Structure formats: structure tokens, C-alpha cells
Amino acid sequence: MAASAEEKELAQLIVTSLNLEVAADDIEPDAPLYGEGLGLDSIDILELSLAISKTYGVQLKSDDADNSKIFSSLRNLNRHIQQHRAK
């Protein structure tokens, strides 16, 4: 399934905030962000959480038990942000 406009916007935020050498359009919506897929590490996730907080007003806490699910893919991360973002 192709990325939605919101997912593409989030992918661009990921690429920009982490200075990744990958095109936002190349991030598969269902591919893992952490480890194998995009290859993000815990420091990247922290930086990304700050960027998401600034951009969307969504607080992602490092001790959230759901983090592995939230950050499992671009699609899941976007879904979480859309459910919790400041309107």
C-alpha cells in the first residue's frame, strides 16, 4: 500500500531531522524504522521524538511500554501521531 500524504510528510520529517541519506519517498510505510529496516538506533529515536513533539505537539516518552509498537513502522508511527496530535 502506498504512503499517504501524512506518511510522506512524516517520512520527510524523519529524513530531515536525522540527516538521513535516503529519500523520504524511499521509506516503506510498513518497513521497520528501528534496527533492520531504516536502521534507526535509540539516539535517532530520541531525536525523532523531539522533532515530532515540535512539529505535531505529540509527546513520545522513552519509557512508554508501547514504543516498540509505535516505532515499528512509518505507518504505525503516523497512526499514533494522528490519534494524539494537538488539533
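The name given to the chain in an unreviewed UniProt entry is Carrier domain-containing protein, and the organism recorded there is Sideroxyarcus emersonii.

**Some points on helix α2 (residues 42-56)**
Counted at 1.5 Å a residue, the expected span for α2 with its 15 residues is 21 Å, and the 20 Å between its end C-alpha atoms agrees. Of the surrounding secondary structure, the elements contacted by the buried residues of α2 are α1 (5-18) and α4 (74-84). Two to three positions downstream of the cap, the backbone nitrogen of Ile43 sits 3.1 Å from a side-chain oxygen, assigning the N-cap of α2 to Asp41.

**Considerations on the packing of α1 against α4**
α4 packs onto α1 with a crossing angle of 105 degrees between their chain directions and a minimal axis gap of 10 Å. Regarding the angle of α1 to α4, the classification is roughly perpendicular. Contacts from Glu6, Glu7, Leu10, Ala11 and Ile14 of α1 reach α4 at Leu74, Arg75, Leu77, Asn78, Ile81 and Gln82. Grouping the amino acids of the contact of α1 with α4 by side-chain chemistry returns 6 nonpolar, 2 polar and 3 charged.

Thresholds applied
Residues numbered from 1 in each chain as written. Predicted model: local features only at pLDDT ≥ 70, side-chain atom pairs only at ≥ 80, totals over all residues. Heavy atoms only, no water. Helix = DSSP H or I, 4+ residues; strand = E, 2+ residues; numbered from the N terminus. Expected span 1.5 Å × (residues − 1). Contact = heavy atoms within 4.5 Å. Polar contact = N/O pair within 3.5 Å; in protein donor to acceptor, adjacent residues only side chain to side chain. Axes fitted to C-alpha atoms, helices over the stretch in contact; angles between N-to-C directions. Parallel < 35°, antiparallel > 145°, perpendicular 65-115°, else oblique. Nonpolar A, V, L, I, M, F, W, Y, C, P; charged D, E, K, R; others polar.

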